[in-house]
Amino acid sequence: MRYSKILGTGGYLPEKILTNNDLEKIVDTTDEWIITRTGIHQRHIAAEDENAVTMADRAGRVALDVAGLKPTDIDMIIVSSTTPYMVFPSTACLLQERYGIAGCAAFDLNATACAGFMYGFSIADQFIRTGAINHALVIGSEVMSRVVDWDDRSTCVLFGDGAGAVVLGPSSEPGVLSTHLHADGTHKDVLYLPLGNNKTPNLESVKMMGNQLFKLAVNILGDLFDETLEKNNLQKSDVDWLIPHQANIRIIQAMAKKLEMSLDHVAITLDKQANTSSASIPLALDEAIRDGRVQRGQLLLMEGFGGGLAWGSALVRY
Ligand code: ACO
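These lines cover the structure that appears in this document, whether it is placed above or below. All values reported here derive from a predicted model rather than from experimental measurement.

So, the overall build of the chain
So, point 1. When helices and strands are counted, the chain shows 10 helices and 13 strands.
So, point 2. Taking 318 residues into account, the globule formula puts the C-alpha radius of gyration at 20 Å, and the chain, at 18 Å, falls close to it.
So, point 3. Projected onto the principal axes, the alpha-carbon positions of the chain cover approximately 55 × 45 × 40 Å.
So, point 4. In the chain, buried positions account for 56% of the 318 residues.
So, point 5. Sequence separation of at least 24 residues holds for 75% of the intrachain contacts in the chain that already meet a minimum separation of 6.
So, point 6. Charged side chains in the chain number 27 positive and 38 negative. The centres of these two groups are separated by 2 Å.

A closer look at the site of the ligand
So, point 1. Taken together, 24 residues are adjacent to the ligand, and Thr-29, Arg-37, Cys-114, Asn-248 and Asn-275 come closest.
So, point 2. With respect to the ligand, the side chain of Asn-275 contributes an N or O atom lying 2.7 Å from an oxygen atom.
So, point 3. Starting from 1,000 Å² of accessible surface for the ligand in isolation, the protein chains cover 74%.
So, point 4. Most atoms of the ligand, that is more than half of them, are within 2 Å of grid points of the largest pocket.
So, point 5. Where the shell around the ligand is concerned, the elements lending two or more residues are helix 2 (31-38), helix 6 (153-156), helix 7 (210-231) and helix 8 (249-258).
So, point 6. Its residues placed into classes, the shell around the ligand shows 12 nonpolar, 8 polar and 4 charged.
So, point 7. Residue assignment places the shell around the ligand across two domains, with domain 1 (3-171) and domain 2 (176-317) each supplying three or more.

About the cut-offs
- Residues numbered from 1 in each chain as written.
- Predicted model: local features only at pLDDT ≥ 70, side-chain atom pairs only at ≥ 80, totals over all residues.
- Heavy atoms only, no water.
- Helix = DSSP H or I, 4+ residues; strand = E, 2+ residues; numbered from the N terminus.
- Rg over C-alpha atoms; globule rule 2.2 N^0.38 Å.
- Buried < 20%, exposed > 50% of the residue type's maximum accessible area, 1.4 Å probe, protein only.
- Contact = heavy atoms within 4.5 Å.
- Lys, Arg positive; Asp, Glu negative; His and termini not counted.
- Charge placed at Lys NZ, Arg CZ, Asp CG, Glu CD.
- Near = heavy atom within 4 Å.
- Polar contact = N/O pair within 3.5 Å; in protein donor to acceptor, adjacent residues only side chain to side chain.
- Areas by Shrake-Rupley, 256 points an atom, 1.4 Å probe, with all protein chains shown as cover.
- 1 Å grid on protein atoms, 1.4 Å probe; cavity = no way out; pocket = protein on both sides within 12 Å on 5 of 7 lines; lining within 4 Å.
- Sits in = over half its atoms within 2 Å of the grid points.
- Nonpolar A, V, L, I, M, F, W, Y, C, P; charged D, E, K, R; others polar.
- Domains from an automatic or database assignment.

Quick look at the structure:
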């Protein structure tokens with residue numbers, strides 16, 4: 001059997017930190033409200049000269065280093081971003097040019113919002129598993145600070161900037177056990193980011209019906225866990241680590257409860273990074289691997305959920 005396996009991870013967070021106390025000076029909110037309702041304490045904000053490409057570049061190079069690979073070893077670059085530097089060329093192509101590896105497949109996924117990383121991860125897994133390619137670089141890179149309305153307290157407190165990267169390569173041992181992707185366009189009005197006019201990037205700001213989204217997320221993710229574990233004939237107790245999308249600590253707590261798992265076995269970066277959309281899963285994974293919590297051989301359940309609605313999971317033997 002041929003599987004794909006995580007060979008390396010990397011992350012990048014902009015230097016500037018915006019705390020909840022800083023936000024109190026911008027909108028009518030409090031540190032206490034934000035922490036109680038979301039679990040967020042602070043977020044990173046990209047500098048003017050940073051964008052989805054520069055951040056993806058930094059995270060990708062770290063992941064390649066950890067994997068012991070050179071850029072020329074990469075056969076496919078997939079970048080998920082709802083906040084690309086340009087509509088085209090894709091962030092992946094701009095990254096490819098920076099890495100000097102013209103010729104390999106490179107494309108962006110931008111229609112899957114916060115679930116984008118799971119979609120990219122799944123696509124890379126399929127290509128590697130079939131033998132079509134050997135190594136894929138999958139990155140989530142987001143400058144959410146440029147698409148939130150800084151006058152809207154119900155959304156601007158939630159998001160942050162950053163990039164996370166994973167290098168996947170072939171293995172005769174598992175590996176990625178299965179991936180699961182879904183979408184439901186009937187919920188298109190619950191969370192959306194319209195195109196604007198004469199703006200760079202050409203986007204308006206995130207609109208969200210937070211309450212409805214919260215309930216949908218909890219139900220959908222609960223079903224997704226069942227589907228993922230059943231596919232592999234595994235039990236909740238087999239999962240060592242939950243690596244969730246970081247939208248709200250209360251959603252994450254509900255997911256840990258669903259898995260009958262202590263929060264100590266959940267990779268949480270939300271408090272320090274807020275919701276970095278499609279970058280949040282690889283960033284959480286990278287942190288947990290880097291500080292030694294996630295160990296080789298452990299079973300990881302990764303899940304993402306976002307606008308579309310779109311959602312996805314992966315069960316991975318790290
Ligand atoms: N500070 C103070 N008060 C606020 C703030 C704020 N920043 N934002 C909203 N409020 C007020 C509201 O105006 C409302 O006041 P009212 O009762 O007088 O009308 C009150 O707080 C409660 O608002 P709710 O929206 O009901 O608060 P809720 O407990 O639902 O929390 C939140 C809001 C945090 C957005 C939550 O609903 C949530 O996390 N939803 C899910 C988000 C999600 O799943 N995202 C994942 C996909 S999105 C993505 O990742 C791109």
